[in-house]
Amino acid sequence: MQGNDMQAGQSGSGRPTPSARPIISIRGLRKMYGSFCALSGIDLDVAEGEVVVLLGPSGSGKSTLIRCINLLETYDAGTVVVDEVAVRPGPNLAAVRSEVGMVFQSFNLFPHMTVLRNVALAPIRVRKLAPKAAEDRAMELLTRVGIAEQAGKFPGQLSGGQQQRVAIARALAMEPRILLFDEPTSALDPEMVGEVLDVMQSLARTGVTMLVVTHEMGFARRVADRVIFMERGQIVEEAKPDAFFSAPREERARAFLQAVLNH
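Conventions we followed
Residues numbered from 1 in each chain as written. Predicted model: local features only at pLDDT ≥ 70, side-chain atom pairs only at ≥ 80, totals over all residues. Heavy atoms only, no water. Helix = DSSP H or I, 4+ residues; strand = E, 2+ residues; numbered from the N terminus. Rg over C-alpha atoms; globule rule 2.2 N^0.38 Å. Buried < 20%, exposed > 50% of the residue type's maximum accessible area, 1.4 Å probe, protein only. Contact = heavy atoms within 4.5 Å. Areas by Shrake-Rupley, 256 points an atom, 1.4 Å probe, with all protein chains shown as cover. Lys, Arg positive; Asp, Glu negative; His and termini not counted. Charge placed at Lys NZ, Arg CZ, Asp CG, Glu CD. Salt bridge = Lys/Arg side-chain N within 4 Å of Asp/Glu carboxyl O. Core = buried A, V, L, I, M, F, W, Y, C linked by side-chain atoms within 4.5 Å. Pairing = 2+ DSSP bridges. Axes fitted to C-alpha atoms, helices over the stretch in contact; angles between N-to-C directions. UniProt positions renumbered as here; feature names shortened; annotations may be inferred.

1. A few points about the overall build of the chain
When helices and strands are tallied, the chain shows 9 helices and 10 strands. Relative to the compact-globule value of 18 Å for 263 residues, the chain shows a C-alpha radius of gyration of 18 Å, a close match. With respect to the three principal axes, the spread of C-alpha positions in the chain is 50 × 45 × 45 Å. Going through the 263 residues of the chain one by one, you find that 51% of them count as buried. In the chain, the share of contacts with a sequence separation of at least 24, taken over all contacts with a separation of at least 6, comes to 65%. Accessible surface, the chain as shown: approximately 11700 Å² in total, 51% of it carbon and sulfur. A distance of 4 Å separates the average location of the 29 positive side-chain charges in the chain from that of its 29 negative side-chain charges.

Right, dumping it as structure tokens:
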């Protein structure tokens, strides 16, 4: 896979080149919902610092796959290893989850807490950070995502794009090594999509490992190190963005791109 032959240095985008070391390793991953096979024997390595974008039609297993990485979805067979720790129920799960931040399409903010409190809460509760230190860190992150002036407001007072940026800041507050994005712009009005993608693109430049489920083709083309196309619970094709978008090998990938890009 692409991530396995990369050497340390700078990528063409000006951010650190992914290392050769897989930080996520998935083998034979299988997930059933009753008689429906959501994931059928997935094998995937993701290098530390790599940005991987998952594409495919609805129901292809993209979201299920990334939710298995931090066990938000339990799986029926196979293995998931994050930074050399097996992801399974038990005492190690909390440690794995503390390294893996997740941003959902529906924000999942606490409506009764201020923006600042939403971002500071997990470091206080999980990392045992002093409240003042956690709030200082939260303000740094809110500044980083461009909404420091909203710190005293409640989520319901913000636009969807602003709420999603709070959700990204909240994920970053735990200083994760991996960020998972599950269609982070799909619930947003079109004019708000760009502001969230800009924040995600700036995060990619920091060298954090990112797995992104999205239908934003422009983002995938600009930011991804690797594009993975899924259908019916399987990885059908994977390639560098330029190769995937200019000449996908598989007919199913070509049909998907034609439908999406001509929409």
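2. Things to note about the pattern of salt bridges
Pairing between side chains becomes possible if they bear opposite charge and their charged atoms approach one another. The tally for this structure, following the rule as stated, stands at 15 salt bridges. Measuring nitrogen to oxygen at the nearest pair gives 2.8 Å for the salt bridge that ties R226 to E50. Remark: E50 occurs in the loop between β2 (36-47) and β3 (51-55) and R226 occurs in strand β9 (residues 226-231); sequence separation between them is 176 residues. Each member of the pair, R226 as well as E50, carries the same accessibility label: buried. Of the charged contacts, one joins K132 and D136 as a salt bridge, the two residues approaching to 2.9 Å between their closest N and O atoms.

3. Re the nonpolar core
Residues L55, I168, F181, M200, M210 and F244 are the most contacted members of the largest nonpolar core, which totals 54 residues. Not counting chain neighbours up to four residues away, the residues in contact with F181 comprise I66, V103, I168, M200, L203, M210, L211, V212 and V213. One finds I23, I26, L44 and L211 within the second-largest nonpolar core, a separate group that totals 30 residues.

4. With respect to the sheet that holds strand β5 (residues 85-86)
Within a sheet, adjacent strands bond to each other through the backbone by hydrogen bonds, running parallel or antiparallel. One open sheet accounts for 4 strands, arranged β2-β1-β4-β5; its pairing is antiparallel. Both edges of this open sheet fall to β2 and β5, since each of them pairs with a single strand only. Where strand β1 (residues 22-33) meets strand β4 (residues 77-82), 5 bridges bridge the pair, whose relative direction is antiparallel. Opposite R27, over in β4, you have T79 as the bridge partner. Sitting on the sheet, helix α1 (residues 62-69) touches β1, β2 and β4, and the angle it makes with β1 is about 120°.

5. What to know about the UniProt feature "domain: ABC transporter" (unreviewed entry) in the chain
Under the feature "domain: ABC transporter" (unreviewed entry), the UniProt entry names residues 24-257. Secondary structure across residues 24-257 comprises 38% helix and 26% strand; the distance between its end C-alpha atoms is 27 Å.

6. Concerning unusual backbone geometry
Positive phi, close to 60°, is recorded for K128, a residue that is not glycine. Inspection of the secondary structure assignment puts K128 in the loop between α3 (115-125) and α4 (131-144). By relative accessible area, which is 65% here, K128 ends up exposed. Look at E175: it is not a glycine, yet its phi comes out positive at around 50°. Tracing the sequence through the fold places E175 in the loop between α5 (160-173) and β7 (178-182). The exposed category is assigned to E175, whose relative accessible area is 54%.

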